[in-house]
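Architecture and fold: a report
Letter by letter, the chains look like this.
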Amino acid sequence: MSAIRIMRIGATKDQLGESPVWDERRKRFFWIDALAGLIRMRDPATGLADAFSVPAPIGSMALRDDGGAVLAMRHGFAGYDFDKRTLIEGPSIGLDHPKLRLNDGKADPHGRFLAGTMHSDRAQDETPLGGLYRLDATGAVELLETDLAVSNGPCFSPDGRTFYLADSARRMIWAYDYRAEGPLANKRVFVETEAQQSGCDGGTIDSEGYLWSVLVRIGKIARFAPDGTMVRTIDMPIRHPTSLTFGGPDLDVLYVTSISRSHALADDHPDAGGLFAVEGLGVRGLPAHRFASG
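A brief structural summary. Note on numbering: residues in each chain are counted from 1, in written sequence order. Totals for whole chains, interfaces and linings use every residue, but because this is a predicted model, local features are given only for residues with pLDDT of at least 70 and side-chain atom pairs only at 80 or more, for both listing and counting. Side-chain metrics rest on all non-hydrogen atoms present in the structure, leaving aside hydrogens and water.

**What to know about the overall build of the protein chain**
- A run of DSSP states H or I qualifies as a helix once it reaches four residues; a run of E qualifies as a strand once it reaches two. Both are numbered from the N-terminal end. When you go through the protein chain residue by residue, the secondary structure sums to zero helices and 24 strands.
- Here the globule rule is a power law, 2.2 Å times the number of residues to the power 0.38, and the radius of gyration is based on C-alpha atoms. Rg of the C-alpha trace for the protein chain: 17 Å, near the compact-globule value of 19 Å for 294 residues, within the 12% margin.
- Along the longest, intermediate and shortest principal axes, the C-alpha atoms of the protein chain span 45 × 45 × 40 Å.
- Expressed as a percentage of the 294 residues in the protein chain, the buried residues total 55%.
- The method behind every accessible area is Shrake-Rupley, applied with a 1.4 Å probe, and residues are considered shielded solely by the protein chains displayed. Of the roughly 12400 Å² of accessible surface on the protein chain, a fraction of 47% belongs to carbon and sulfur atoms. Buried residues are those whose accessible area, probed at 1.4 Å on protein chains only, stays under 20% of the maximum for their type, while exposed residues exceed 50% and partly exposed ones sit between those limits.

Printed below as a string of structure tokens:
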């Protein structure tokens, strides 16, 4: 196993960095500061960087087939045009609750966008509101799952037939059978992380079908085999990494976002809230799925 190198990229400092995505077409990297209401962009080859302001909070983003992005906002979805720097309002999930908002999301292999909710400050016996929602190119919104406290880390197996979803509050990742149409099926436990004393946050799949997940409360990244066995961990230089994805021209660099100060977690490390690149892992990622144009 090769030696790894972890580097901070640029000098950005996010309150809550999330939802990293590599634009394979233009070789650029996007991510968000969820609480500041920023979409950030960086070109690793040239150092070119930009930031696009939208109403906070942002839960997550995915790139669109026709350019721009689809966003999970507080209680609904939106589009963003990077050239015009404009937000295009989209459909609501039909819930408007002060403690509920959309959180992590990913495009699926069929051009839809999935995003789950987080329900903060719940009473212990209170059933979480919201769930997992799927948006298609027509603007239709479908509820796929319920009873999710803090939805995170949605990702798909290389063949697109298995969908993974974490609930950070329950310290659990589930696997489901996934099809182009119809509901999720065959829900089963993929990983429990209570023994690691942390829930899983963002997640991504590598080309070998292994799941990489952030253990947000203990400053680590974990790699899980397709049978759920933890096969590798990496210590990050900051306390609270949040999400991750593979990027770079060869999809062999793991980009990791982090927290400086969110509603629940804070880190006074000078690099907290930074964007990091992890090199030398010896594995490659997969191109990000895109949201289909309407």
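**Some thoughts on the pairing of strand E19 (residues 211-215)**
- With five of its five residues buried, E19 lies for the most part within the structure.
- On E19, burial covers both faces: Leu 211, Ser 213 and Leu 215 on one face and Trp 212 and Val 214 on the other are all buried.
- Note: two strands are recorded as paired if DSSP finds a minimum of 2 bridges between them. With four bridges connecting them, strand E18 (residues 200-205) and E19 associate as antiparallel partners. The residue bridging Thr 204 from the neighbouring strand is Trp 212, located in E19.
- Relative to strand E20 (residues 220-224), E19 runs antiparallel, the two being bridged by five bridges.

**Points about the sheet that holds strand E13 (residues 141-145)**
- Ordered by their spatial adjacency, four strands build an open sheet running E10-E11-E12-E13, and the pairing between neighbours is antiparallel. The open sheet has two free edges, formed respectively by strand E10 (100-107) and E13, since each of these has just one partner strand. Direction aside, neighbouring strands of the sheet carry axes that sit 30 degrees apart on average.
- In this sheet, strand E11 (residues 113-119) lies alongside E10 in antiparallel orientation, the contact comprising six bridges. Bridge assignment links Leu 100 to a residue of E11, and that residue is His 119. A fitted line through C-alpha atoms serves as each axis, taken over the contacting stretch for helices, and the angle formed by two N-to-C directions is quoted from 0 to 180°.

**Remarks on the sheet that holds strand E14 (residues 151-156)**
- The strand order E14-E15-E16-E17 describes an open sheet built from four strands, whose pairing is antiparallel. Edge strands, defined here as strands with exactly one partner in the open sheet, are E14 and strand E17 (185-192). Neighbour-to-neighbour, the strand axes of the sheet open up by a mean angle of 20 degrees, direction not taken into account.
- Strand direction decides the pairing type here: strand E16 (residues 172-177) and E17, joined by five bridges, are antiparallel. Looking at the pairing, Met 172 lines up with Glu 192 of E17.

**With respect to the pairing of strand E24 (residues 275-279)**
- For E24, a buried count of four out of five residues is recorded, marking the element as mostly surrounded by other parts of the structure.
- Across five bridges, the pairing between strand E1 (residues 5-9) and E24 is antiparallel. Counted as the bridge partner of Met 7 is Ala 277 from E24.
- Direction of pairing for strand E23 (residues 253-258) relative to E24: antiparallel, over a ladder of three bridges. Across the sheet, residue Leu 254 finds its bridge partner in E24, namely Val 278.

**A word on unusual backbone geometry**
- Cis rather than trans, the peptide bond between Ala 56 and Pro 57 has omega equal to 0 degrees.
- Looking at the secondary structure, you find Pro 57 in the loop between strand E5 (49-53) and strand E6 (60-63).
- In the Ramachandran plot, Ser 19 falls in the positive-phi region, its phi being about 55 degrees despite a non-glycine side chain.

Scope: geometric values only; no functional claims are made or implied.
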